[in-house]
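So you can see what is in the structure, the chains are spelled out below.
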Amino acid sequence: MKTAALQIRTPEGIVFSQLLAGPVTRFLAWLIDVLCIGCLLKLLGTILILVRVLNPDLSGALYALGYFIVSIGYGIVSEWFWRGQTIGKKLFRLRVVDAEGLRLQFNQIVTRNLLRFVDSLPAFYFVGGIVCLLSPVCQRLGDLAANTIVIRNPRLTEPDLNQLLAGKYNSLRQYPHLAARLRQRVLPAEAALALQALLRRDQFEPVARVELFAELANHFRATVEFPPEASEGITDEQYLRNVVDVLYRARTDMPIKSSANLQPA
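Just so you know, the residues in each chain are numbered from 1, in the order the chain's sequence is written. Given that the model is predicted, a residue must reach a pLDDT of at least 70 before its local features are reported, and side-chain atom pairs must reach 80 or more before they are shown or counted; all residues, however, enter totals for whole chains, interfaces and linings. The basis for the side-chain values is all heavy atoms of the structure; hydrogens and waters are excluded.

Some words on the overall build of the chain
Alright, step 1. A helix here means a DSSP run of H or I that spans at least four residues, while a strand means a run of E at least two residues long, and both kinds are numbered starting from the N terminus. Helix and strand counts for the chain stand at 13 helices and four strands.
Alright, step 2. Relative accessibility under 20% of the residue-type maximum defines a buried residue, over 50% an exposed one, and the middle range a partly exposed one, all with a 1.4 Å probe and only protein chains included. Per-residue burial over the chain gives 43% buried out of 265 residues.
Alright, step 3. Whether two residues touch is decided by their heavy atoms; if any such pair falls within 4.5 Å, the residues are in contact. Across the chain, every contact between residues at least 6 apart in sequence was considered, and the portion connecting residues at least 24 apart equals 69%.
Alright, step 4. Computed with the Shrake-Rupley method and a 1.4 Å probe, the accessible areas treat only the protein chains shown as cover for residues. Here the chain displays about 15,100 Å² of accessible surface, and carbon together with sulfur accounts for 63% of that area.

Topic: helix α10 (residues 176-185)
Alright, step 1. Those residues of α10 that fall on the buried side of the exposure criterion are Leu 178, Ala 179, Leu 182 and Arg 183. The arc that holds every buried residue of α10, seen down its axis, measures 145°, which confines them to one face. Opposite the packed face of α10, turned more than 90 degrees from it, sit the exposed residues His 177 and Gln 184.
Alright, step 2. Elements in contact with the buried residues of α10: α12 (206-223) and α13 (236-248). Arc, as used here, means the arc of the directions from the helix axis to the C-beta atoms.

Describing helix α11 (residues 188-199)
The periodicity of an α-helix, 3.6 residues per turn, causes residues three or four places apart in sequence to face the same way.
Alright, step 1. If you check α11, its first and last C-alpha atoms are 16 Å apart, about what twelve residues at 1.5 Å a residue would give, namely 16 Å.
Alright, step 2. Along α11, the positions that sit buried rather than exposed are Ala 189, Glu 190, Ala 191, Ala 194, Leu 195, Ala 197 and Leu 198. What a helix should span is 1.5 Å times the count of its residues minus one.

Details of the pattern of salt bridges
Alright, step 1. Counted as salt bridges are all cases of a side-chain nitrogen of Lys or Arg within 4 Å of a carboxyl oxygen of Asp or Glu. Under the definition given, this model contains twelve salt bridges.
Alright, step 2. Where Arg 26 meets Asp 143, a salt bridge forms, and the shortest distance between an N and an O atom there is 2.7 Å. Placement of the pair is Arg 26 in helix α1 (residues 23-47) and Asp 143 in helix α8 (residues 141-146), with a sequence separation of 117 residues. Each of the two residues, Arg 26 as well as Asp 143, counts as buried.

Overview of the state of the cysteines
Where two cysteines share a covalent bond between their sulfur atoms, that bond is called a disulfide.
Alright, step 1. In this description, a disulfide is simply a cysteine sulfur pair whose atoms lie within 2.5 Å. Overall, the coordinates contain zero disulfides when judged by the stated rule.
Alright, step 2. Distance from the sulfur of Cys 39, which forms no disulfide, to the nearest cysteine sulfur (Cys 36) is 6.5 Å.
Alright, step 3. Owing to a relative accessible area of 48%, Cys 39 belongs among the partly exposed residues under this scheme.
Alright, step 4. Lacking any disulfide linkage, Cys 138 is separated from the closest cysteine sulfur, that of Cys 132, by 4.1 Å.
Alright, step 5. Judged by relative accessible area, which is 2%, Cys 138 ranks as buried.

Thoughts on the nonpolar core
Alright, step 1. In this description, a nonpolar core means a group of buried Ala, Val, Leu, Ile, Met, Phe, Trp, Tyr and Cys residues linked to one another through side-chain atoms lying within 4.5 Å. By size, the foremost hydrophobic cluster in this structure holds 28 residues, and its most contacted members are Leu 182, Phe 220, Phe 226, Tyr 239, Leu 240 and Leu 247.
Alright, step 2. Of all the elements in the fold, those that place two or more residues in this core are α10, α11, α12 and α13.
Alright, step 3. With seven residues, the top contributor of residues to this core is α13.
Alright, step 4. In this structure Leu 182 touches Phe 220, Val 224, Phe 226, Val 243, Val 246 and Leu 247, once residues within four positions along its chain are discounted.

Some points on the side chain of Glu 79
Alright, step 1. Looking at the secondary structure, you find Glu 79 in helix α3 (residues 56-81).
Alright, step 2. One polar contact links Glu 79 to Asn 113, side chain to side chain, over a distance of 3.2 Å. Nitrogen and oxygen atoms within 3.5 Å of one another constitute a polar contact, given that in protein one can donate a hydrogen and the other can accept it, and given that sequence-neighbouring residues count only through two side-chain atoms.

Digging into the environment of Leu 102
Alright, step 1. Mapped onto the fold, Leu 102 is located in the loop between β3 (94-98) and α5 (106-114).
Alright, step 2. The class of Leu 102 is exposed, set by a relative accessible area of 59%.
Alright, step 3. C-alpha separation for the pair Leu 102 and Thr 148, spaced 46 residues apart in sequence, amounts to 9.8 Å.

A look at the pairing of β3
Alright, step 1. Counting buried positions along β3 gives five out of five residues, so the element sits mostly inside the fold.
Alright, step 2. The pairing of β3 with strand β4 (residues 148-152) spans five bridges and is antiparallel. Following the sheet pairing, Arg 95 is matched in β4 by Ile 151. A strand pair is defined by DSSP finding two or more bridges across the two strands.

The values are spatial; any link to function lies outside them.
This is the structure in structure tokens:
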């Protein structure tokens, strides 16, 4: 029976899950992307009208080359700059991620898009659809070769962070430009992982809890480097609380209070 979620186990033995995208939703997102590619090709054809008048053979060769570049390049460029999403995937809240839960690499994006032609044979993604139905985690041939999966990012209700922060001062908010960069770089799946770790912190064994929060805190420190004074004297768990506060709170927060009246969290 096909699983509806990908189970990711941390070295500490904590299991988190990601909702998998089904073949139907992926097919609908692909139809939107086909429409976008068609619009780009129509624009290319319009640009080559003048060339067709002067040299029909050259125009045909340029269009064939452009067709290949647009068809393959659309997925590669959009999935790289939008971190695993195309226009179709954005509309259906889908995202391509590494099957092991690691950061998606450029070579993985290239591989899965180069094999898209094979998956689409003989028409309407017949081969890719059959492989998705047979795969336990709904992978097409391109996903199998690139070790990627496509997940769903359902809309989540914003959590009540007051319970997690307990009114403590968030030293990361002293650097609004870095906080904005953190929101931009962190994937929704990473943010959800950090939030779940905080919500379930009392369920962990003491040693596993320390190791898990150290690993997560180091990950976010490497994602965006804040000045040393932003994290001096705070634990890894509190650093993660500060990160979650930045990621989930509305951007129209209250002005930062003076650190003279509050102790850094």
